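Understanding the architecture of this molecule
Spelled out, the chains give:
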Amino acid sequence: MKELALMKGNEAIAEAAIRAGVDAYFGYPITPQSEVMEYLMLQRPEERTGMVVLQAESEVASINMVYGAAGTGKKVMTSSSSPGISLMQEGISYIAGAELPCLIVNVVRGGPGLGTIQPSQADYFQSVKGGGHGDYRLIVLAPASVQEMADFVDLGFELAFKYRNPALILSDGLIGQMMEKVELPEQKERVDTFDQSWVTTGKTADRERNIITSLNLDPDAQYEHNLKLQEKYKRMEEDVMFEEFSCNDAEFLLVAYGSSARICQKVVDITRSRGQKIGLLRPQTLFPFPTEVIAKMARRVKGMMAVELSAGQMVEDVRLAVNGRVPVYHYGMLGGKIHSPEDVLAAVEEKFMGGY
Amino acid sequence: MDIKEIIREENKVYCRTPLLTDAILSYCPGCGHGTIHRLIMEVVEEMGIQSEVIGIAPVGCSVIAYDFMDVDFTQAAHGRAPAVATGIKRLWPDKFVFTYQGDGDLAAIGTAETIHACNRGENITIFFVNNGIYGMTGGQMAPTTLEGMKSSTSPYGRNSKTMGPPYKITEMIAQLPGTYYVTRQSVHKPGPVRKAKKAIRKAFEIQNEKKGLSFIEFVSNCNSGWKMTPNDSNAWMEEHMFAFFPMGDIKVDGKLVPST
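Treat the numbers as computed from the prediction; the structure is a model and nothing was measured. (Residues numbered from 1 in each chain as written. Chains lettered and ligands numbered in written order. Predicted model: local features only at pLDDT ≥ 70, side-chain atom pairs only at ≥ 80, totals over all residues.)

All names here are of chain A. Each domain of chain A was delimited in the assignment, giving domain 1 (4-201 + 227-238) and domain 2 (241-355). For domain 1 versus domain 2, the distance between C-alpha centres works out to 27 Å. With 28 residues of domain 1 in contact, the opposing surface of domain 2 contributes 21 residues. Broken down by secondary-structure element, the contributors of at least two residues to the side of domain 1 that touches domain 2 are helix H7 (124-128), strand E6 (139-141), strand E7 (166-172) and helix H9 (173-177). With four residues, H7 is the single largest residue contributor to the side of domain 1 that touches domain 2. Here the residues of the side of domain 1 that touches domain 2 sort into 16 nonpolar, eight polar and four charged. (Domains from an automatic or database assignment. Contact = placed C-beta atoms within 7 Å. Helix = DSSP H or I, 4+ residues; strand = E, 2+ residues; numbered from the N terminus. Nonpolar A, V, L, I, M, F, W, Y, C, P; charged D, E, K, R; others polar.)

Here's what the structure looks like:
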């Protein structure tokens, strides 16, 4: 039987984590995502599933607890918001370099600096282009509903373990704070029968010691390691996910993810009711990015617009995919303000409608 | 007579523990790290817990400690070893988890992680090698560099007025209720080596009994960084380092040892 609940996005992440059989959560409070750890603590996860939930002394500590715990091969995660995620970048780089699976949730707020506590999508570059030092990538999932906040926990772990790579849920204060109906996933057992060939369990006589490290003092070894990572990131393209709204006959295409995509769905509805052929492509994975489908769409639409709560970050990836074939515009509110469908509509009319 | 004839089985009175690997130590001749590595691995061998031990390597001279100690290892970011150890221990509460950290790592960049892991009473063991200097990066001033001591970033001697004085993090963390056993040792002579080994054994036994965090500081030398011969560095250490960092137990069975 379906189990339905009315929940905040942050609470849905937490409940889904318990139900996904997550072994440990390490975190530090920050607005607008504090409900994740609050909800977890309230649920007594140590009794429900045996899950460890620990409040660390900082985001620096929590990501390093994740690093240590991920080396045991179990399911571990953390969550934070923009400034906290910035603090975690060194640890995330280590986790990527050491090739450990884990899940990180960023409920983005406006920046730069301490910025604001209102929703934003200005952490796109940090999330999909690396964030910390060195050549690495995260698997980046972009939920656009409370339902996807819940669903992407399990998906994030599935992909993280498939590639032995950190996965990031790139949410924002809007999806984190708003309440929606959500169908809760079924409770999974925590498992102890996972692949332990590479994890730190204690060296036994039948194997060499397992070492979790991102260090290669020999540049040739580090070069080979980097090539292996790049090959892995390339393979991730097979897991690209996106959703299309009214794209089949679209003359103009909006590209938007997360909360901005929800706003753009309304824009599509309004324009369609007026007979204007606008479609929406919603990337659900931002890395890997749906480059191929955007390149194909560029052959049949007259123009595209990336709509995001930033000064224009994802638009760069859209332009790379389009490769100059059609004009690509950007529209977006900055610093924690949210555009309304009417705001987007005005931009659409200004840029696209002249083309009719 | 060649070397094989010399080290025949019947002539053997001492050998290193098999838990040290065949890798050539990357430490300078005269440095204390190799001795401390050996003592930890001897205790692990004697307790028969190799298959239960996970070590955390720091950033610093001992960054590749995992090349020499034949146990599972995780290499941590600079200063973060206690947080990494916390993550592992919380998921493997029945395994033995230890960190191995230098003074810059533990007492400067990692101060917060050190204090909070100690305060939570994580059931782990922290090995703290204090040589009063940043060794690997070339002898810069550390939080434990003595007043007036020269280093590459205090070339005219540490001036406490402008650079802050050295501090004793071991005495600080001993004040926290989460620490169960806190001691300061050295490995520069046979007597102290034997005492240090007993302390290591005690620390692992405390972890086995789940009594809380044990913390062993080894005051050690850095003859290269101090620009001395190994013998001179040990004499200098006894005279100056031990005066500021006195040897002995600071907290036993969860109780502070009254200072004499």
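The interface of chain A with chain B comprises 32 residues on the first partner and 29 residues on the second. Looking at the side of chain A that touches chain B, the elements with two or more residues in it are strand E2 (24-27), strand E3 (52-55), helix H4 (59-70), helix H6 (89-97) and strand E9 (211-212) of chain A. Take the side of chain A that touches chain B: its biggest share by element is seven residues, from H4 of chain A. Of the residues in the side of chain A that touches chain B, the class split is 14 nonpolar, 12 polar and six charged. Of the pairings in the sheet, the one linking E9 of chain A to strand E2 (residues 72-75) of chain B comprises two bridges and is parallel in character. Paired with Ile212 of chain A across the strands is Thr74 of chain B, a residue of E2 of chain B. (Pairing = 2+ DSSP bridges.)

So, on to unusual backbone geometry. Residues and elements named next belong to chain A. A cis amide bond, omega 5°, links Thr31 with the succeeding residue Pro32. Note that Pro32 resides in the loop between E2 and helix H2 (35-42). Here the bond from Gly111 into Pro112 is cis, since omega is 0°, no more than 30 degrees from zero. Take Pro112: it is sitting in the loop between strand E5 (102-108) and H7. Although it is not a glycine, Glu99 adopts a positive phi angle of roughly 55°. Considering the arrangement of structural elements, one finds Glu99 in the loop between H6 and E5. Its 19 C-beta neighbours within 10 Å are what place Glu99 among the partly exposed residues. (Buried ≥ 20, exposed ≤ 12 C-beta atoms within 10 Å, placed from the backbone.)

Moving on: the environment of Val13 of chain B. With respect to the helices and strands, Val13 of chain B occurs in the loop between helix H1 (3-6) and helix H2 (33-47). Expressed as a C-alpha distance, the spacing of Val13 of chain B and Ile36 of chain B, which sit 23 residues apart in the sequence, is 21 Å.

This part takes up the sheet that holds E2 of chain B. The pairing of strands in a sheet happens through backbone hydrogen bonds and is either parallel or antiparallel. Taken together, the nine strands give an open sheet; going across it, the order is E9(A)-E2(B)-E1(B)-E3(B)-E4(B)-E8(B)-E7(B)-E9(B)-E10(B), and neighbouring strands pair in mixed fashion. Among the strands making up the open sheet, the edge pair consists of E9 of chain A together with strand E10 (255-256) of chain B. Pairing analysis gives three bridges linking strand E7 (residues 179-185) of chain B to strand E9 (residues 248-252) of chain B, with the strands arranged antiparallel. Within E9 of chain B, the residue paired with Val182 of chain B across the bridge is Lys251 of chain B. Running at roughly 165° to E7 of chain B, helix H8 (residues 190-208) of chain B makes contact with strand E3 (96-102), strand E4 (125-130), E7 and strand E8 (213-219) of chain B of the sheet. (Axes fitted to C-alpha atoms, helices over the stretch in contact; angles between N-to-C directions.)

All names here are of chain B. The two faces of E2 match: Asp72 and Thr74 on one face and Phe73 and Gln75 on the other face are all buried. Note: strand E1 (residues 53-57) against E2, four bridges, orientation parallel. Directly across from Ile54, in E2, lies its bridge partner Asp72.

This part covers the sheet that holds E3 of chain A. Residues and elements named next belong to chain A. Here seven strands make up an open sheet; going across it, the order is E3-E2-E4-E5-E7-E6-E13 and the pairing mixed. Lying at the two open borders of the sheet, with one neighbouring strand each, are E3 and strand E13 (285-287). In this sheet, neighbouring strand axes are inclined to one another by 20° on average, regardless of whether the strands run parallel or antiparallel. As paired elements, strand E4 (residues 76-80) and E5 share four bridges and run parallel to each other. Paired with Thr78 across the bridge in E5 is Ile104. Strands in contact with H4 are E2, E3, E4 and E5; relative to E4, the strand with the most contacts, it is inclined by about 165°.

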